[in-house]
Amino acid sequence: MAKRSAKAAKSNELDGAEFFAAIALIEQEKGIPKSYMMEKITQALITAYKRDHEGITDNVMIDANEAAGTVRMFVKKDVVEEVDNPYTEISLTEARASLPTAQIGDVVRMEIKPRNFGRIAAQTARQVIIQGMREAEHNMIYDMFSSKEHEMLLGTVTRVDPRNGAVSLRISSNGETTDAYLSPSEQVRGEVIREGERIKVYVVEVRRASRGPQVLISRTHPGLVKRLFELEVPEIYDGTVEIRSIAREAGSRTKIAVWSADENVDPIGACVGPKGQRVNNVVAELLNEKVDIIKYNDDPAVYIAAALSPADVLSVVPREESKSCRVMVPDDQLSLAIGKEGQNARLAAKLTGYKIDIKSQSSAHEWEEEDAAAAAEAALAEAQAALEEDDSFPEEDGLEADLADSMTAGPADPEEDSREAEPAVGTEAPATDSEAEMLEEDSPEAEDSAAPAEVSQPEEENSEDTL
């Protein structure tokens, strides 16, 4: 019975050799470094001990010695005469029981046995270790696939959603695998994807998420065309031929501009390959999507004319200030230059970065009329602005003159104003017409002067009779 109990007690102890062997096995299988696992296990043991001892602060430590194959756990306590906090302090008697030379003020380490952990504490330690391992795996996957951004990877279709057509893929890189989601908007129109099929996808972005890294992939991105040409054309892979620009409408048509610094290398011929084999492989991967390969040129006029192929171009007039151009084509080439639903012109504009205005040769005079109308509007606007400026100047001058007169004129003298207003002594103020009439009616002199005039009239009559 004694041997059996001793064996059971020994099984409850933390076996250092098995502990380090398990860490080495985790590193070998999952690639998680030993140092990271030691850090998480130390954190788990301390968290578990603190769960059973709420008063414990930062006085718990782990001593792991891989060479000796031992893992020991200690709690530090201060030696005091009277113990106030048993989790951080210890009496001198108890301290000398384990360390006879202990003195007041010393710090002693008391060993903790893992078998003393309760069930809840053990579960807490287990959860911390598992969570640490999961975080390590997520970080490794994120670091691996973040370096694969803007690259092409091969994935296996694991599930196709019958409702919306969304596809789940299992993609791998350098031994690391993760799940990726291909939304319907990132799939080529008309493409049928089946479970178990292996397809090439373009990694757009890698994001961190709570459930692990999220890899965003696409089958419609122009970068997929670039990576396919790098895979098929060695001259592009080694840098002899450069892809300057790509414009794509997935499932329908793609335009690609190539250039080479080596005059002895034909960039278009290198991409086409013998008997069109190289470009045909790319087209087959893109489900027979049309691919136009043109040669890049620093001259915008030449570059834009090539971008509008297969249509013939008569003239190109770039306008650098507005990043636009005017293109004149023969009358029978207008529809070809524009393309079905404007696709050719739209792709050429994306490829070159210019806004393209296309007209036929017979309609080119409309540009002159537009320029003349624009010039007339500009001249009229300038004339109106000048007229408004001329009308505003006299008003400003008049205001300035009035302001200057008011500033130069002296203040009015109140005494002079009163003298001018009052009449002089001995004089009367001139009366108005109404006042004069009233005075004449009231005065006796006026009556006397009026009476003789009336009397003299009969005398004249008598004189006439006498004669």
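Residues numbered from 1 in each chain as written. Predicted model: local features only at pLDDT ≥ 70, side-chain atom pairs only at ≥ 80, totals over all residues. Heavy atoms only, no water.

(A) Main features of the overall build of the chain. Counting secondary structure elements, the chain contains 16 helices and 15 strands. When the 467 residues of the chain are sorted by exposure, 31% land in the buried category. Excluding contacts between residues fewer than 6 apart, the proportion of contacts in the chain whose partners are at least 24 apart in sequence is 57%. A total accessible area of about 30,000 Å² is found for the chain, and carbon and sulfur atoms account for 49% of it. (Helix = DSSP H or I, 4+ residues; strand = E, 2+ residues; numbered from the N terminus. Buried < 20%, exposed > 50% of the residue type's maximum accessible area, 1.4 Å probe, protein only. Contact = heavy atoms within 4.5 Å. Areas by Shrake-Rupley, 256 points an atom, 1.4 Å probe, with all protein chains shown as cover.)

(B) Region of the structure containing the pattern of salt bridges. Applying the stated criterion to the full structure yields 15 salt bridges. The partner of glutamate 235 in a salt bridge is arginine 278, and the shortest N-O contact between them spans 3.0 Å. With a gap of 43 residues between them, glutamate 235 in helix 7 (residues 234-237) and arginine 278 in helix 9 (residues 277-285) connect regions that are remote in the sequence. With relative accessibility at 23%, the residue glutamate 235 sits in the partly exposed group. (Salt bridge = Lys/Arg side-chain N within 4 Å of Asp/Glu carboxyl O.)

(C) Spatial organisation of unusual backbone geometry. Geometrically, the link from serine 309 to proline 310 is a cis peptide bond, its omega value of 15° lying close to zero. Along the polypeptide, proline 310 turns up in the loop between helix 10 (300-307) and strand 13 (315-319). Positioned with a positive phi, lysine 275 is a non-glycine residue whose angle comes to about 60°. Take lysine 275: it is sitting in the loop between helix 8 (267-272) and helix 9. In this structure lysine 275 comes out as exposed when scored by relative accessible area, which is 87%. In the Ramachandran plot, asparagine 288 falls in the positive-phi region, its phi being about 60° despite a non-glycine side chain.

(D) Seen up close, the environment of glutamate 232. Residue placement: glutamate 232 occurs in helix 6 (residues 222-232). By relative accessible area, which is 26% here, glutamate 232 ends up partly exposed. A sequence separation of 41 residues divides glutamate 232 from glycine 273, and the C-alpha atoms of the two residues are 9.1 Å apart. In this structure, glutamate 232 is in contact with Arg278, Asn281 and Val282, ignoring residues within four places of it in sequence. Reaching out from glutamate 232, the side chain makes a polar contact with the side chain of asparagine 281 at a distance of 3.2 Å. (Polar contact = N/O pair within 3.5 Å; in protein donor to acceptor, adjacent residues only side chain to side chain.)

(E) Structural detail: the pairing of strand 9 (residues 214-218). Bridge count for strand 7 (residues 176-182) against strand 9 is 2 bridges, and the pairing is parallel. Bridge pairing links tyrosine 181 to leucine 216 in strand 9. Note that strand 8 (residues 198-207) and strand 9 share 5 bridges and pair antiparallel. Across the sheet, the residue bridging to valine 203 is isoleucine 217, located in strand 9. Linking strand 8 back to strand 9 in an antiparallel pair, the connection comprises 6 residues, with glycine 212 at a positive phi of about 120°. (Pairing = 2+ DSSP bridges.)

(F) Highlighting the confidence of the model for the chain. Confidence along the chain averages 78 in pLDDT terms, with 78% of residues attaining 70 or more. Per-residue pLDDT stays below 50 along residues 1-12; that stretch engages in 1 contact with residues further than four places along the chain or on separate chains. Confidence over residues 408-467 falls short of pLDDT 50; this stretch has 3 contacts with residues more than four positions distant or in other chains. (pLDDT = per-residue confidence, 0-100.)

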